[in-house]
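A structural walkthrough
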Amino acid sequence: MTVDDENSDGGAEPPEQPTYPTPHHAVDHTAEPSDDPLAIRLEQLILGADRRYTPFQAARTAGVSMELASRFWRAMGFADIGQAKALTEADVLALRRLAGLVEAGLLSEPMAVQVARSTGQTTARLAEWQIDSFLEDLTEPPEPGMTRTEVTYPLVELLLPELEEFLIYVWRRQLAAATGRVVQAQDDEEMVDRRLAVGFADLVGFTRLTRRLEEAELGELVEAFETTCADLVAAHGGRLIKTLGDEVLYAADDAGIAAEIALRLIETLSHDETMPALRVGIAFGTVTTRMGDVFGTTVNLASRLTSIAPKDAVLVDSALAEELTRTGEAPVSEAEAAEEAARAEKEGRKAAAYRFALQPMWQRPVRGLGMIEPWLLSRRPT
C-alpha cells in the first residue's frame, strides 16, 4: 500500500512508504468518507472528535506499522479511505491499545485481529439495526417543518449516552456469563471443544411464503419469529447463536434444556396462525466454538435432522436420546415405563416422572454423515 503523508511541517515531500499486499480480499482504496455537512456533524457528535488524521498519520501517531493498522482497520469492517483525513484521536487510541496488548504478550497478533474482527462484526449488525429500525421509527413522520435528517441529530444527541451505557451493561453481563461457562469447564480442551446440544429451528415453506407476502409483511413475520425464538431460548437457559431469517441456531450445555426449548418453540409458534409450521433438529456432541459461532459434525447433524423433521415436530440424534435417558428425563423404553408405572400404582408408591418421550425412527443415510438414527421427541403427559 503506497501512502502519502500530509506534511504539516512546511510542505516538504515525505518519504515514500513501502507497499504492502492487501490481505484476503481487494479493498477499494478510492472509498472516501462523506462530505455531507449533516453527516459530518452527526459523525462528530457520535465520535466526540473531529477528523484529524490520515491513515498513515494515525498509524505513525499510534506507533504501529501501516500494515498492522490496515489489518486492524479492515478486521473491524471498515474500508480503506486512501489519503482522506478522516480519523480521530479515538482511532489512534484504539490502534495503540490493540498494539499494546500484543506488545505486552497478552494477545498474539492474530488474536488481536480476531478481537477486532469479532467486535466489528457484532457491533456493525447492532448499529445497522439501531439506525434502520429504531431511529427510523422515531423520526417518522418528521416534525412539522423539519426533514427526517434534521430530526435525527437531536435524537442521536439524546439517545447516545443512554445507549452507550446500556451497551456496556449488557456486554459486561454477557461477559460474566461466558466467563462462568469457561470456568466451569472440566479442562482446557473443553473450553474450545465442548459437548453441547445444538438445535436448529426452521420455518417450513418459507421460500414460497416470500413470493406471496409483501415486503413489510415478510419483515414483520421474520421479526416476530426471531423475537419469539430469542425470548424462549433465553428464558429456558439456552444461548441463541444466530438467526438466518427463517431459521435460528441455538445451543445449550444440557440436553434437557435443549429439548425443552425445542418443544416450547413448537408449542408456542403452532398457536400463532400467522406463522408457518416449524421443524426442529437437535444433536448432542463435541462442538468447536469460535467468535461466538459453533462448528463441527454435531452442528451439521442438527442441520440435517431439521431438514428431514416432520412439520411441527422435533427430531434428535441418538447421542441426545441417550443423554436424556441417562439423566432420567426420558425412559429407555415406553413399555418398561408403563409396566413400572403400573407396579408403582399397585404398590402405592410414586412412579418415576419423565419429561420427554422418545420414539425411534427409521435409520437413514445422510450425505457426509453416513447412517443416522433419528428419534422423534415429544412431551410426556403429566
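These numbers come from a predicted model, not from an experiment.

Moving on, we get to the packing of helix H9 (residues 215-235) against helix H10 (residues 255-270). At a minimum axis separation of 10 Å, H9 and H10 run at an interaxial angle of 140 degrees. In terms of axis orientation, H9 runs oblique to H10. In this structure, H9 meets H10 at a crossing whose hand is right-handed. For the pair H9 and H10, the contacting residues are Phe-225, Thr-228, Cys-229, Leu-232 and Val-233 in the first and Ile-261, Arg-264, Leu-265, Thr-268 and Leu-269 in the second. The class makeup of the residues in the contact of H9 with H10 is 7 nonpolar, 2 polar and 1 charged.

On the surface, Glu-214, Glu-215, Glu-217, Glu-220 and Glu-223 cluster together into a negatively charged patch. Relative to the elements of secondary structure, Glu-220 occurs in helix H9.

Per the counting criterion, the structure on display carries 14 salt bridges. One salt bridge in this structure joins Glu-260 and Arg-264, with 2.7 Å as the shortest N-O distance. In this pair, Glu-260 and Arg-264 both sit in helix H10, 4 residues apart, roughly one turn of the helix. Overall, Glu-260 belongs to the buried group, its relative accessible area being 7%. The partner of Glu-329 in a salt bridge is Arg-355, with the nearest N and O atoms 2.3 Å apart. Taken together, the residues span a long stretch of sequence, with Glu-329 in the loop between helix H12 (318-326) and helix H13 (334-346) and Arg-355 in the loop between H13 and strand S7 (356-360) at a distance of 26 residues. Assessed through its relative accessible area of 15%, Glu-329 is described here as buried. We classify Arg-355 as partly exposed; its relative accessible area is 36%. The structure contains a network of salt bridges with shared partners spanning Glu-260, Arg-264, Glu-267, Glu-329, Arg-355 and Arg-379.

Here we take up the packing of H10 against H12. Running from N to C, H10 and H12 cross one another at 110 degrees; their axes reach a closest spacing of 9 Å. Relative to H12, the element H10 is oriented roughly perpendicular. Facing H10, whose interface residues are Ala-255, Gly-256 and Ala-259, H12 presents Leu-320, Glu-323 and Leu-324. Partitioned by chemical class, the residues of the contact of H10 with H12 number 4 nonpolar, 1 polar and 1 charged.

Taken together, Leu-126, Trp-129 and Leu-167 make up a surface patch of nonpolar side chains, about 290 Å² in accessible area. Mapped onto the secondary structure, Trp-129 falls in helix H5 (residues 109-138).

Mean pLDDT over the chain: 81, with 83% of residues reaching 70 or higher. Between residues 1-32, whose pLDDT stays under 50, and residues either more than four places distant or in other chains, the model counts 50 contacts.

Right, let's talk about the environment of Ser-307 for a bit. Relative to the helices and strands, Ser-307 is located in helix H11 (residues 297-308). Polar side-chain contacts of Ser-307 include one of 2.6 Å to the backbone oxygen of Arg-304.

About the cut-offs
Residues numbered from 1 in each chain as written. Predicted model: local features only at pLDDT ≥ 70, side-chain atom pairs only at ≥ 80, totals over all residues. Heavy atoms only, no water. Axes fitted to C-alpha atoms, helices over the stretch in contact; angles between N-to-C directions. Helix = DSSP H or I, 4+ residues; strand = E, 2+ residues; numbered from the N terminus. Parallel < 35°, antiparallel > 145°, perpendicular 65-115°, else oblique. Left-handed = near helix turned anticlockwise from the far one by under 90°. Contact = heavy atoms within 4.5 Å. Nonpolar A, V, L, I, M, F, W, Y, C, P; charged D, E, K, R; others polar. Patch = residues over 30% accessible without salt bridge, like charges linked within 9 Å, V, L, I, M, F, W, Y side chains within 5 Å. Areas by Shrake-Rupley, 256 points an atom, 1.4 Å probe, with all protein chains shown as cover. Salt bridge = Lys/Arg side-chain N within 4 Å of Asp/Glu carboxyl O. Lys, Arg positive; Asp, Glu negative; His and termini not counted. Charge placed at Lys NZ, Arg CZ, Asp CG, Glu CD. Buried < 20%, exposed > 50% of the residue type's maximum accessible area, 1.4 Å probe, protein only. pLDDT = per-residue confidence, 0-100. Polar contact = N/O pair within 3.5 Å; in protein donor to acceptor, adjacent residues only side chain to side chain.

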